[in-house]
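Chain by chain, the residues run as shown.
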Amino acid sequence: MKVVIMAGGKGTRISSIASDIPKPMIRIGEKPVLQLEIESLRDQGFKDFIITISHLGHVITDYFGDGSGFGVNIEYFNEVVPLGNAGALFEIKDKLSEDFILINGDAMMEVDMKRFYEFHKEKGALVSLLTHPNNHPYDSGLIITDKNDSVIRWLTKEDERNDYYKNIVNAGVHILNKPVLDKRIDKEKIDLDRDILKPLCGTGTMFSYHSTEYVKDMGTPERYEEVCNDYLSGKVNNRKLSNKQKAIFLDRDGTINHYVGFLRKPEEFELLPNSAEAIKKINHSEYLCIIITNQPVIARGEVTYDGLDNIHNKMETLLGNEGAFVDDIFYCPHHPDSGFEGEVKELKIVCDCRKPKPGLFYQAAEKYNIDLSRSYMIGDSDSDVEAGSNAGCKCIKIDRDGDLLKAVNEILE
């Protein structure tokens, strides 16, 4: 499979770090970030690269040559006239494989691409986007999906958005099927997101692959410094899903937000003091942050699945406003006691996912390759502790509406 790397940007926001070389040639540790990308993909069996270049492109060609010194084959496309970040794709179309990987050359990434490709083939996708939460969703484009991971809306920065939204952002790592380029776009400069990908929303051909792996734009000096620290600490490589992960699992009600009994609407959701700070600390650590919560209000007929999504959207928005995010949410919609007016009968069952049973932990472990024995559960009830223990996790019980930050500090210190 061919890999196309877009490496023609000027990197004006990070010019204070290096103004005399292309942004993809800025070093992380001892190597340019572009070299780290190429080596990561090479080590996974991808050997054929096409790099699109423009601004100071000779710096890239002089360094990499034909790629043989790095164990790969590299061709170049030089944009003499700027074509936008996707115009070059139409010029190199005849050189592409039927499916091809498309990435930005100026982002730090470590992704299990074979796992991503399996998702792409399973969905029969024309386009697959690697998506993730980030710590600044308020100024990022947002991806909205249905229950089958099909992308139904794409909100760019300038698009109007609801007050509350799910923190899912395009990471800039794509797998595309060549027919996506069959129809030439009649513009001098073609934007990948707005002109090629966004029009596919709602067609059932573009899918979101949710990943917790490390992909970070280093477009500002502050983000560049963070990337350097993460690389040197080993966090970048450790987050690759072919490696066993560690997680801090959190209960929701009474742990992250004020406990109100059966929480039924977004207006009732209120973050506890310090919970965003605690989650931010998890985000900067080697642990994933995953919520495990019982939500019997669905089985009781008091909240729909969409209604629960709205509550969680508020949570993710409030956390994002404070620079924090959760990697995923697993919930049990069931309840064992039946015979009540308004209940959803098919959900009134004895299941293996309602805490204190460990089913949700096993689901998370399978999805993200988590070593449960090296993970923690933090909650405010005996049921939380029992569930975490049943899953093989270490457990910390806090007081209801207690201090999550203190428990997180205990783990991380």
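Here, every reference points to the structure presented above.
Read on for an overview of the structure. (Residues numbered from 1 in each chain as written. Predicted model: local features only at pLDDT ≥ 70, side-chain atom pairs only at ≥ 80, totals over all residues. Heavy atoms only, no water.)

**With respect to the overall build of the protein chain**
Point 1. The number of helices and strands found in the protein chain is 12 helices and 18 strands.
Point 2. By its C-alpha atoms, the protein chain is 70 × 45 × 35 Å across when sized along the principal axes.
Point 3. Counting over 413 residues, the protein chain shows a buried share of 57%.
Point 4. Across the protein chain, contacts joining residues at least 24 apart in sequence account for 74% of those joining residues at least 6 apart.
Point 5. Accessible area of the protein chain: about 17900 Å², with a carbon and sulfur share of 46%.
Point 6. Looking at charge distribution, the protein chain has the averaged site of its 51 positive side-chain charges lying 1 Å from that of its 68 negative ones. (Helix = DSSP H or I, 4+ residues; strand = E, 2+ residues; numbered from the N terminus. Buried < 20%, exposed > 50% of the residue type's maximum accessible area, 1.4 Å probe, protein only. Contact = heavy atoms within 4.5 Å. Areas by Shrake-Rupley, 256 points an atom, 1.4 Å probe, with all protein chains shown as cover. Lys, Arg positive; Asp, Glu negative; His and termini not counted. Charge placed at Lys NZ, Arg CZ, Asp CG, Glu CD.)

**Quick word on the pattern of salt bridges**
Point 1. Taken as a whole and judged by the stated rule, the model has 30 salt bridges.
Point 2. Across the pair Lys23 and Asp106 runs a salt bridge, and its minimum N-O distance is 3.3 Å. Taken together, the positions of Lys23 in the loop between strand E1 (2–6) and strand E2 (27–28) and Asp106 in the loop between strand E6 (99–104) and strand E7 (107–110) put the pair 83 residues apart, joining distant regions of the chain. Each member of the pair, Lys23 as well as Asp106, carries the same accessibility label: buried.
Point 3. Across the pair Glu286 and Lys246 runs a salt bridge, and its minimum N-O distance is 3.3 Å. With Glu286 in the loop between helix H8 (275–283) and strand E15 (287–294) and Lys246 in strand E14 (residues 246–250), the pair connects residues that are 40 residues apart, well separated along the chain. (Salt bridge = Lys/Arg side-chain N within 4 Å of Asp/Glu carboxyl O.)

**Topic: the packing of H8 against helix H12 (residues 404–412)**
Point 1. Contact geometry of H8 with H12 gives a least axis separation of 8 Å together with a crossing angle of 20 degrees. In terms of their interaxial angle, H8 and H12 are classed as roughly parallel. Note on packing geometry: the crossing formed by H8 with H12 is left-handed. On H12, the residues touching Ser275, Glu277, Ala278, Lys281 and Ile282 of H8 are Leu404, Leu405, Val408, Asn409 and Leu412.
Point 2. In the contact of H8 with H12, the residues fall into six nonpolar, two polar and two charged. (Axes fitted to C-alpha atoms, helices over the stretch in contact; angles between N-to-C directions. Parallel < 35°, antiparallel > 145°, perpendicular 65-115°, else oblique. Left-handed = near helix turned anticlockwise from the far one by under 90°. Nonpolar A, V, L, I, M, F, W, Y, C, P; charged D, E, K, R; others polar.)

**What to know about the pairing of E14**
Point 1. Burial analysis of E14 places five of its five residues in the buried class, the great majority of the element.
Point 2. The alternating pattern of E14 places Lys246, Ile248 and Leu250 and Ala247 and Phe249 on opposite faces, both of which are buried.
Point 3. Looking at chain direction, E14 and E15 are connected through five bridges and run parallel. Within E15, the position partnered with Ala247 by the bridge is Leu288.
Point 4. On the question of chirality, the crossover connecting E14 to the parallel E15 by way of H8 is right-handed.
Point 5. Note: E14 against strand E17 (residues 376–379), three bridges, orientation parallel. Each bridged residue has a counterpart across the sheet, and for Leu250 the counterpart in E17 is Ile378. (Pairing = 2+ DSSP bridges. Right-handed = clockwise from strand over helix to strand, strands pointing away.)

**Description of H8**
For an α-helix, the turn length of 3.6 residues means that residues three or four places apart are oriented alike.
Point 1. Within H8 the residues assigned to the buried category are Ser275, Ala276, Ala278, Ile279, Ile282 and Asn283. When H8 is viewed along its axis, its buried side chains cluster within an angular range of 160 degrees and face the same direction.
Point 2. As for H8, its buried residues are in contact with helix H7 (235–238), E14, E15, helix H9 (305–321) and H12. (Arc of directions from axis to C-beta.)

**Quick look at the packing of aromatic side chains**
Point 1. As enumerated under the stated definition, the model contains seven aromatic pairs in all.
Point 2. Centroid distance Phe116 to Tyr209: 4.8 Å. Interplanar angle 20 degrees. Geometry classified as stacked. Separated by 93 residues along the polypeptide, Phe116 in helix H4 (residues 113–123) and Tyr209 in strand E12 (residues 206–210) bring together distant segments of the chain. The pair Phe116 / Tyr209 is uniform in exposure class, with both members buried.
Point 3. Through pairs of rings, three or more aromatic residues link up here, namely Tyr63, Phe64 and Phe70.
Point 4. The residue whose ring lies beneath Arg300 is Phe262, and the NZ or CZ to ring-centre distance is 3.8 Å. (Phe/Tyr/Trp six-rings, centres within 6.5 Å; stacked < 30°, edge-to-face > 60°. Lys NZ or Arg CZ within 6 Å of the ring centre and 35° of its normal.)

**Examining the pairing of strand E5 (residues 73–78)**
Point 1. In this sheet, E5 lies alongside strand E4 (residues 48–53) in parallel orientation, the contact comprising six bridges. Its bridge partner lying in E5, Ile50 is registered against Glu75.
Point 2. Read as a crossover between parallel neighbours, the route from E4 over helix H2 (residues 57–64) to E5 is right-handed.

**Concerning the environment of Asp94**
Point 1. Here Asp94 shows up in the loop between helix H3 (87–91) and E6.
Point 2. Looking at Asp94, the relative accessible area reads 74%, which means it is exposed.
Point 3. Sequence spacing of Asp94 and Ile60 is 34 residues, and the spatial spacing of their C-alpha atoms is 23 Å.

**Quick look at the nonpolar core**
Point 1. By size, the foremost hydrophobic cluster in this structure holds 52 residues, and its most contacted members are Ile38, Met113, Phe249, Ile290, Phe361 and Ile370.
Point 2. If one sorts the elements of this core by residue count, helix H10 (residues 359–368) sits on top with five residues.
Point 3. The contacts of Met113, once residues within four sequence positions are left out, are Leu41, Gln44, Phe46, Ile101, Val173 and Ile175.
Point 4. Residues Leu89, Phe90, Leu102 and Leu192 belong to the second largest nonpolar core, which totals 30 residues. (Core = buried A, V, L, I, M, F, W, Y, C linked by side-chain atoms within 4.5 Å.)

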